[in-house]
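Fold and contact review
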Amino acid sequence: MSGVNASWLKTCYINKTHLLTLSRALAGRLLTSLLAPVGVLTLSRSFSGSPCRRHLHLHRPVYLPAVNPPPSVLSPPPLPGNMTKGVYQDRDKPAQIRFSNISAAKAVADAIRTSLGPKGMDKMIQDGKGDVTITNDGATILKLMQVLHPAAKMLVELSKAQDIEAGDGTTSVVVMAGSLLDYCAKLLQKGIHPTIISESFQKAVEKGVEILNGIAQPVELSDRESLLNSATTALNSKVVSQYASLLAPMSVGAVMSVIDPATATSVDLRDIKIVRKLGGTIDDCELVNGLVLTQRVVNTGVNRVEKAKIGLIQFCLSAPKTDMENQIVVSDYAQMDRVLREERAYILNLVKQIKKAGCNVLLIQKSILRDALSDLALHFLNKMKIMVIKDIEREDIEFICKTLGIKPVAHFEQFLPEMLGTAELAEEVSLNGSGRLVKITGCANPGKTVCIVVRGSNKLVMEEAERSIHDALCVIRCLVKKRALIAGGGAPEIELALRLTEYSRTLSGMEAYCVRAFADAMEVIPSTLAENAGLNPISTVTELRNRHAQGEKTAGINVRKGGISNILEELVVQPLLVSLSALTLATETVRSILKIDDVVNAR
């Protein structure tokens, strides 16, 4: 049969009846030698009715360049209409989609992997307007990155979810998800079904949560030292890490001021207002038990008021205007004088009503329709020694009312003494030539709120300081939610890897293989920490694994000294909730990506 080739096929037809008379083996060999040189695709059906149909699967379609044989020669007979759909199914497509999704998600994880840990690198991000952000906070980097692939967007959402749930560990959770996806790709290449991988990962994460709960240490909110250590650990990986000794006590103090430690189960971070003021250095940041406003005092005569009685109005201290656009034509001076006299009397009546209630500090909500405060009203208020602060933003109203214990007044007739709040001192303070702030302290009926004033020599530093303080506040909030601490420095992840590997030996079949892969994926955190700190990741992780195998559960990577040490003695601790949240959220996202086998564009 070796002499038969494509050129011979161009000049002769293969008669179906001749083929059927051949023996099964000969027919198979004939078709293979005839069609191998010219076929390129697949015919998945056999000749219907053939006695040798099990051997006549043509695994490549026949393209005959020179001669077009009649349809009856090589084409199978037509199928009934209801059977034509789904005859040819491409089994490669779901696998290609999965590997495409995994590659895109891994690319996102690799992009921020270098930002993990105290020695992690910072990213400079420039947006479309040219604004620059410098940060190593995973959630911020991913939020500002332009991500187009839908699977990669899932990792951005994962980072957001971790930021909402725990506030810290936003880089770790993405790096962990990237590592799990890497091992998923290897398992898929070995032919393990995605559903088996997904179910095994779920079993592994349940065991992982149990292990983490077992190695955690309970902590009381009265133990200020532990809270400070947690906040310091969170701040050590930030750009402003050298100011951790200042910002950590400030964060702990702020959270403890707005909760009742005995009964609190969570913290509303809206009760802690972070006020940014450009100028100075981070050393000038301060915690204020009271209210801080960036708006300036309007009337220059009154900058300090003791025993302040504070009112907040939402109406305008200016001449009234008609609802519709009208034009008044004044024909003589007598009418002009009358209009001005009426306006003066109206505004004076408003100011007298404010003074009658005993108010000496007046906050005026910002008005977008017209001037909330006319020059004439300001003149009268100045005469009556009332401090005026205007342009209070609408979103700040709720916080101001809660802090000072006041109620906003929408109409001047409702401006009564019971609507006012009292404070020991309201003053405008100068910030060494870099602007002014209004501080109201010593509130008589304070709500549980505080303000943190964040300073910075430039916008980039100030914004990064604000993000760092937010992360420190979130860490303390995690401890309020779940009062347990675990060691940092990669210790819990390597312990997870070790214990899950032991657990995989108790399982059988594919499950054991998948759980083992999950355990190996956990080692990415200590490996990345060592790599970013300039250590040899292989030898560091090997030694760390060895120490944990000997029973040292708190052994971790000490990036300051460049080696392995008992990380609790170095006071590197983190809330249990951060690790639990990272583990469960990363696994959920990986399982979601694995279950996707097609991407369809909607209309």
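Worth saying up front: this structure is predicted, and the values here are computed from it rather than measured.

**What to know about the sheet that holds strand E3 (residues 217–218)**
Strand order across the open sheet formed by three strands is E3-E14-E17, with antiparallel pairing between neighbours. Two strands in the sheet have a free side with no partner beyond their single neighbour: E3 and strand E17 (573–575). Sheet topology note: the E3/strand E14 (residues 484–487) ladder contains two bridges and is antiparallel. Bridge pairing links Pro-218 to Ala-484 in E14.

**Here we look at the nonpolar core**
Membership of the largest hydrophobic core comes to 70 residues, with the highest contact counts inside it found for Ile-197, Phe-201 and Phe-518. The element that contributes the greatest number of residues to this core is helix H8 (residues 170–189), accounting for 11 residues. If near-sequence neighbours (up to four positions away) are discounted, Phe-518 is found in contact with Leu-180, Phe-201, Ala-204, Val-205, Leu-500, Leu-583 and Thr-587. Residues Leu-227, Val-240, Ile-469 and Leu-479 belong to the second largest nonpolar core, which totals 37 residues.

**Here's the deal with the confidence of the model for the chain**
Across the chain, the average pLDDT comes to 82, with 84% of residues at or above 70. Confidence drops under pLDDT 50 across residues 1–28; counting only partners more than four residues distant or on other chains, this segment forms 36 contacts.

**Looking at a nonpolar patch on the surface**
On the surface, a nonpolar cluster with roughly 460 Å² of combined accessible area is contributed by Ile-328, Val-330, Met-336, Val-339 and Leu-340. Looking at the element boundaries, Met-336 is found in helix H12 (residues 333–356). The partly exposed category is assigned to Met-336, whose relative accessible area is 40%.

**Quick word on the sheet that holds strand E4 (residues 272–278)**
Consider a sheet: its strands pair through backbone hydrogen bonds, and that pairing is either parallel or antiparallel. Strand order in the open sheet formed by three strands is E4-E13-E5, and the pairing between neighbours is mixed. This sheet does not close on itself; its edge strands, each paired only once, are E4 and strand E5 (286–288). Ignoring which end each strand starts from, the neighbouring axes of this sheet average 25 degrees apart. Direction of pairing for E5 relative to strand E13 (residues 450–456): antiparallel, over a ladder of three bridges. Bridge pairing in E13 links Val-288 to Cys-451. Across the sheet, helix H15 (residues 459–481) touches E4 and E13, and the angle it forms with E4 is around 165 degrees.

**Observations concerning the packing of helix H7 (residues 150–165) against helix H20 (residues 576–595)**
Two elements in contact, H7 and H20, have axes whose closest approach is 10 Å; the angle formed by their N-to-C orientations is 160 degrees. As far as their axial angle goes, H20 and H7 are roughly antiparallel. Considering how the two elements wind past one another, H7 and H20 form a crossing that is right-handed. Taken together, the residues of H20 that come into contact with H7 (itself represented by Ala-151, Met-154, Leu-155, Leu-158, Ala-161, Gln-162 and Glu-165) are Leu-577, Val-578, Ser-581, Ala-582, Leu-585, Ala-586, Thr-589, Ser-592 and Ile-593. The residue makeup of the contact of H7 with H20, split by class, is 11 nonpolar, four polar and one charged.

**Remarks on the pairing of strand E2 (residues 132–135)**
Of the two faces of E2, the one lined by Thr-133 and Thr-135 is fully buried and the one lined by Val-132 and Ile-134 carries no buried residue. Where strand E1 (residues 123–126) meets E2, four bridges bridge the pair, whose relative direction is antiparallel. Across the sheet, Met-124 pairs through a bridge with Ile-134, a residue of E2.

**Some words on unusual backbone geometry**
Here Lys-307, not a glycine, exhibits a phi torsion of approximately 50 degrees, which is positive. With a relative accessible area of 61%, Lys-307 lands in the exposed category. A positive phi angle is found at Lys-385, which is not glycine, with a value near 60 degrees. Mapping Lys-385 onto the fold places it in the loop between helix H13 (375–383) and strand E9 (387–392).

**As for the environment of Val-267**
Within the element layout of this structure, Val-267 appears in the loop between helix H11 (244–258) and E4. C-alpha of Val-267 to C-alpha of Val-255: the two residues are 12 residues apart in sequence and 7.3 Å apart in space. Ignoring any residue separated from it by four or fewer positions in sequence, one finds Val-267 in contact with Val-255, Val-258, Ile-259, Arg-477 and Val-480.

**Examining the state of the cysteines**
Going through the model one piece at a time under the given rule, you end up with zero disulfides. Of all cysteine sulfurs in the structure, the one in Cys-184 sits closest to Cys-514, which takes part in no disulfide; the separation is 8.2 Å.

**What to know about the environment of Leu-212**
Within the secondary structure layout, Leu-212 lies in helix H9 (residues 194–215). The spacing of Leu-212 and Leu-496 is 284 residues in sequence and 7.5 Å in space, taken between C-alpha atoms. Ignoring anything within four residues of it in the chain, the contact list for Leu-212 reads Ile-486, Pro-492, Leu-496, Leu-576, Ser-579, Leu-580 and Leu-583.

**Some words on the packing of aromatic side chains**
Scanning all chains against the criterion turns up one aromatic pair. Aromatic pair Phe-201 and Phe-518: ring centres 5.2 Å apart, planes at 70 degrees, arrangement edge-to-face. With a gap of 317 residues between them, Phe-201 in helix H9 and Phe-518 in helix H17 (residues 509–521) connect regions that are remote in the sequence. The two residues Phe-201 and Phe-518 agree in class, both being buried. One residue, Lys-186, lies across the ring of Tyr-183, its end atom 4.7 Å from the ring centre.

Reading the values: rules and limits
Just so you know, the residues in each chain are numbered from 1, in the order the chain's sequence is written. Reporting in this predicted model follows two pLDDT cut-offs: at least 70 for local features of residues, and 80 or more for side-chain atom pairs to be given and counted; totals over whole chains, interfaces and linings ignore these cut-offs and use all residues. Excluding hydrogens and water, the side-chain figures rest on all heavy atoms present in the structure. In short, DSSP must find at least two bridges between two strands for them to pair. Elements are defined by DSSP. Helices are runs of H or I of four residues or more, strands are runs of E of two residues or more, and each kind is numbered from the N terminus. Throughout, nonpolar core names a set of buried Ala, Val, Leu, Ile, Met, Phe, Trp, Tyr and Cys residues whose side chains join them through atoms within 4.5 Å. Each residue is placed in one exposure class: buried if its accessible area under a 1.4 Å probe, protein chains only, is under 20% of its type's maximum, exposed if it is over 50%, and partly exposed if it falls in between. Whether two residues are in contact is decided by their heavy atoms, any of which lying within 4.5 Å being enough. The quantity called pLDDT is the predictor's confidence in a given residue, expressed from 0 to 100. What makes a patch is a set of residues exposed beyond 30% relative accessible area and free of salt bridges, joined within 9 Å when like-charged and within 5 Å when nonpolar (Val, Leu, Ile, Met, Phe, Trp, Tyr). All accessible areas in this document rest on Shrake-Rupley with a 1.4 Å probe, and a residue is counted as covered only by the protein chains that are shown. One side-chain nitrogen of Lys or Arg within 4 Å of one carboxyl oxygen of Asp or Glu is enough to make a salt bridge. Each axis is a line fitted through C-alpha atoms, and for a helix only the stretch in contact is used; angles between axes span 0 to 180 degrees, taken between their N-to-C directions. When describing relative orientation, an angle under 35 degrees is termed roughly parallel and one over 145 degrees roughly antiparallel, while 65 to 115 degrees is termed roughly perpendicular and anything else oblique. Handedness of a crossing follows from how the near helix is turned relative to the far one, being left-handed for an anticlockwise turn of less than a right angle and right-handed for a clockwise one. Residues are grouped as follows: nonpolar covers Ala, Val, Leu, Ile, Met, Phe, Trp, Tyr, Cys and Pro; charged covers Asp, Glu, Lys and Arg; every other residue, Gly included, is treated as polar. The disulfide criterion is simple: two cysteine sulfur atoms within 2.5 Å. Pairing of aromatic side chains requires ring centres within 6.5 Å, counting the rings of Phe and Tyr and the six-membered ring of Trp. Pairs whose planes differ by under 30 degrees are stacked, by over 60 edge-to-face, and all others tilted. When the NZ atom of lysine or the CZ atom of arginine is within 6 Å of a ring's centre and also within 35 degrees of its normal, the charge is said to sit over that ring.

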